[in-house]
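If you want the building blocks of each chain, they are given just below.
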Amino acid sequence: MRAPSLSRPVLCRPRLAALLLAALLASSLPAKADTVVPGAAHAFDYRLQPRRIADGVYVLVGRTEDFDTRNGGNIVNTGFLVGSSGVVVIDSGPSRRYGEQLRAAIAAVTPLPVVLTLNTHAHPDHFLGNQAFPAGTLAALPATRDAIAREGEDLSANLYRLAGDWMRGTEARPPGRSLAPGRLDAGGRELELIALDGHTGADLLVLDRASGTLFAGDLLFHDRAPTTPHADLDHWLAALERIATLDGVRQVVPGHGEVASGAGLQTPLRQTQAWLRWLQQRLDTSAAQGLETNEVLALPLAAEFATIAEAATEYRRSVLRLYPQTEHKALQQHGAR
């Protein structure tokens, strides 16, 4: 059984938890207007271009940026699998508009119906497109369903502040179906569902057996700094160890960043591990030295992360989110001596 985190008294209060996540997502960003920057987009078109990476396997790679009114929240990787009788969607995107445009992109590839729409975890860029898909197809791990039902509307409202009118008409629609880990046939695709945690309280991985494609959700980032608003670093690092043991993986679709295969197959795993280990050590060392939060924020990034997108922003957010409980743990250990 998972030990309760030091922040559990806050996280168990749904609205406060959602507002905390909203603040952390926005902590380094200026306030955004409720409109798109003139000339930034036409008719709120995400210009989604499905990329075929294997037989019947398509991905739509988002930008390695932060939410803003130019990208409309399109910073996430989504995908879909075309089987013999239907389509499986993996994450529905950051808005109703995105979900509708994703569904249109799927229809341009195949006339087959969407039979399953998976949400890998309860962060807004992965589930706020759910409205565009049949309600009966929406599915997620039980804890993900609960988190979307509990926090989804607050997350939608906050993303509207960041992405503006790209979000118009978007409402959080929780999946009605609970998933369990194991083998699943959907639309004629044989999938293996893997339930882990660490990035959030419930993180779903989807392995398409025929192609060896692993949709890893936000447990893996590629050339983009990991986000940590609901993270448990110890659990996340343990999940990465589990991912490293998976058989039959020939290509990886991270939650953010480019698809990895061939000689670079392990790159998202190694980058994510390196960042989390470094972050954990930085926090632990700083707490042991008695540094204040502003002093930790002022420390330089490790040179190895100089080319990682959003590294400075995510470092700041991670310190603000994780350092208070790291300090508390250090004080408890000191008092026990």
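Up top you'll find the structure we're talking about.
Predicted model only: the values in this text are computed from it and were never measured.

**Quick look at the sheet that holds strand β6 (residues 138–140)**
Inference 1: Here 7 strands make up an open sheet; going across it, the order is β1-β2-β3-β4-β5-β6-β7 and the pairing mixed. At either margin of the open sheet sits one strand with a lone partner, and together these are β1 (51–54) and β7 (177–178).
Inference 2: As defined by bridge partners, strand β5 (residues 114–118) adjoins β6 across 2 bridges and the pair is classed as parallel. If you follow L118 over to β6, its bridge partner there is A139.

**Quick notes on the nonpolar core**
Inference 1: Counting 39 residues, the largest nonpolar core has L205, L214, L240, I243, W275 and L279 as its most contacted members.
Inference 2: Counting only elements with at least two residues in this core, the list comes to β9 (189–196), β10 (203–208), β11 (213–221), α6 (233–244), α7 (267–288) and α9 (311–336).
Inference 3: Tallying contributions element by element places α7 first for this core, with 7 residues.
Inference 4: Ignoring sequence-local partners within four residues, the contact set of L240 consists of L219, L220, L269, T272, Q273 and L276.
Inference 5: With 21 residues, the next largest nonpolar core counts I90, L141, A186 and L204 among its residues.

**Quick look at the pairing of strand β3 (residues 78–82)**
Inference 1: The element β3 is largely enclosed, with a buried count of 5 among its 5 residues.
Inference 2: Of the two faces of β3, the one lined by T78, F80 and V82 and the one lined by G79 and L81 are each fully buried.
Inference 3: Sheet topology note: the β3/strand β4 (residues 87–90) ladder contains 4 bridges and is antiparallel. Bridge pairing links G79 to I90 in β4.
Inference 4: Counting the residues that bridge the hairpin from β3 to β4 gives 4 residues.

**A closer look at the environment of T78**
Inference 1: You can see T78 is positioned in strand β3.
Inference 2: When the C-alpha positions of T78 and G62 are compared, they lie 8.0 Å apart, and in sequence the two are 16 residues distant.
Inference 3: Those residues within four positions of T78 in sequence are excluded, and the remaining contacts are Y58, V59, L60, I90, D91, S92, G93, Y98 and L102.
Inference 4: A distance of 2.7 Å separates a polar atom in the side chain of T78 from a polar atom in the side chain of Y98.

**Some points on the pattern of salt bridges**
Inference 1: All chains considered together, the criterion is met by 14 salt bridges.
Inference 2: Note that R317 is salt-bridged to D66, the shortest N-O span being 3.0 Å. In this pair, R317 sits in helix α9 while D66 sits in the loop between β2 (57–60) and β3, placing the two residues 251 residues apart along the sequence. In this pair, the class of R317 matches that of D66, namely buried.
Inference 3: As a salt-bridge pair, E100 and R96 come within 2.5 Å of each other at their nearest N and O atoms. Note that E100 and R96 are positioned in helix α3 (residues 96–109) at a spacing of 4 residues, about one turn of the helix.
Inference 4: A residue is classified by how much of its surface remains accessible, and E100, at 38% relative accessible area, is partly exposed.

**Structural notes on the sheet that holds β11**
Inference 1: Strands sit in the order β8-β9-β10-β11-β12-β13 across an open sheet of 6 strands; the sheet is mixed. Two strands lie at the open edges of the sheet, namely β8 (182–186) and β13 (260–261), each paired on one side alone.
Inference 2: Looking at chain direction, β8 and β9 are connected through 5 bridges and run antiparallel. Residue pairing for β9: A186 is matched across the bridge by R189.
Inference 3: Running at roughly 160 degrees to β11, α6 makes contact with β9, β10 and β11 of the sheet.
Inference 4: Seen against the sheet, α7 touches β11 and β13 and runs at an angle of roughly 20 degrees to β11.

**A look at the packing of aromatic side chains**
Inference 1: Taken as a whole, this structure holds 9 aromatic pairs when the rule is applied.
Inference 2: Taken together, a centroid distance of 5.3 Å and an interplanar angle of 55 degrees make the contact between W275 and W278 tilted. Here the residue W275 and the residue W278 both occupy positions in helix α7, the gap between them amounting to 3 residues, near one helical turn. Residue W275 shares its accessibility class with W278, and that shared class is buried.
Inference 3: Taken together, the ring pairs in this structure connect F44, Y46, Y98 and W166 into an aromatic cluster.
Inference 4: Geometry around F44 places R97 over its ring, the cationic atom sitting 4.1 Å from the centre.

**Considerations on unusual backbone geometry**
Inference 1: Although it is not a glycine, D91 adopts a positive phi angle of roughly 70 degrees.
Inference 2: Topologically, D91 is positioned in the loop between β4 and α3.
Inference 3: Residue D91 is classed as buried on the basis of its relative accessible area of 2%.
Inference 4: Its identity is not glycine, yet E310 carries a phi of approximately 60 degrees, on the positive side.
Inference 5: By secondary structure assignment, the location of E310 is in the loop between α8 (293–298) and α9.

Conventions adopted
- Residues numbered from 1 in each chain as written.
- Predicted model: local features only at pLDDT ≥ 70, side-chain atom pairs only at ≥ 80, totals over all residues.
- Heavy atoms only, no water.
- Pairing = 2+ DSSP bridges.
- Helix = DSSP H or I, 4+ residues; strand = E, 2+ residues; numbered from the N terminus.
- Core = buried A, V, L, I, M, F, W, Y, C linked by side-chain atoms within 4.5 Å.
- Buried < 20%, exposed > 50% of the residue type's maximum accessible area, 1.4 Å probe, protein only.
- Contact = heavy atoms within 4.5 Å.
- Polar contact = N/O pair within 3.5 Å; in protein donor to acceptor, adjacent residues only side chain to side chain.
- Salt bridge = Lys/Arg side-chain N within 4 Å of Asp/Glu carboxyl O.
- Axes fitted to C-alpha atoms, helices over the stretch in contact; angles between N-to-C directions.
- Phe/Tyr/Trp six-rings, centres within 6.5 Å; stacked < 30°, edge-to-face > 60°.
- Lys NZ or Arg CZ within 6 Å of the ring centre and 35° of its normal.

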